[in-house]
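Summary of structural features
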Amino acid sequence: MKRFVRGFTLVEVLVALAIVAIALMAGLQATAALTKHAQRQSDMVLAQLCAENELVKIRLLKQMPDVGDTIVACQQAGRSLTVALVVRPTPNPNFRRVDARVLDGEAPIWRLTTVVGRY
């Protein structure tokens, strides 16, 4: 009496490998997306710190900032960012609008706006 041992055919093995490959690629893309999101979140936190620091410096001077544009370097967690401060007059001469835009090279990361009054 002969026994036939049934195994997987080559087509079945190739289909299984294709399914595993597709699942691994999906996992790799999800991991890459999570890494990118974590980096973006880190950039935003550092940019927010830079913007808030510059606006606090303006408030601590206790005088009206001069109208105009200023570029300030900001070091946070070993990263070099740039803060572009834009001071504009408002309809009320007792207040000035201050925009702090944080840039990584040319790419904008964060923008924070406040109004500073006379002291």
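The structure reproduced in this document is the subject of the present report. (Residues numbered from 1 in each chain as written. Predicted model: local features only at pLDDT ≥ 70, side-chain atom pairs only at ≥ 80, totals over all residues. Heavy atoms only, no water.)

Let us now look at the pairing of strand E2 (residues 79-89). Relative to E2, strand E1 (residues 68-76) is paired through nine bridges, and the arrangement is antiparallel. Residue pairing for E2: Thr 70 is matched across the bridge by Leu 85. From the end of E1 to the start of E2, which pair antiparallel, there are two residues, and Ala 77 there has a positive phi angle of about 50°. Judged from the eight bridges that link them, E2 and strand E3 (residues 95-104) form a sheet pairing that is antiparallel. Counted as the bridge partner of Val 86 is Asp 99 from E3. Taking the residues between adjacent antiparallel strands as the criterion, E2 and E3 are bridged by five residues. (Pairing = 2+ DSSP bridges. Helix = DSSP H or I, 4+ residues; strand = E, 2+ residues; numbered from the N terminus.)

This part takes up the nonpolar core. Counting 17 residues, the largest nonpolar core has Cys 50, Leu 81, Val 83, Leu 85, Val 98, Ala 100 and Val 102 as the members making the most contacts within it. Listed by contribution, the elements that provide at least two residues to this core are helix H1 (10-61), E1, E2, E3 and strand E4 (107-117). The biggest single contributor to this core is H1, with six residues. Val 83 has contacts with Cys 50, Glu 54, Thr 70, Ile 71, Val 72, Cys 74, Ala 100, Arg 101 and Val 102, leaving out every residue within four places of it along the chain. (Core = buried A, V, L, I, M, F, W, Y, C linked by side-chain atoms within 4.5 Å. Buried < 20%, exposed > 50% of the residue type's maximum accessible area, 1.4 Å probe, protein only. Contact = heavy atoms within 4.5 Å.)

As a further point, take the sheet that holds E3. Taken together, four strands build an open sheet; the order of strands is E1-E2-E3-E4 and the sheet is antiparallel. Strands with a single pairing partner mark the edges of an open sheet, and in this sheet they are E1 and E4. Strand-to-strand twist of the sheet, defined as the mean angle between neighbouring strand axes without regard to direction, takes the value 20°. As defined by bridge partners, E3 adjoins E4 across 10 bridges and the pair is classed as antiparallel. Across the sheet, Phe 95 pairs through a bridge with Gly 117, a residue of E4. The sheet contacts of H1 involve E1, E2, E3 and E4, and relative to E4 the element is tilted by about 25°. (Axes fitted to C-alpha atoms, helices over the stretch in contact; angles between N-to-C directions.)

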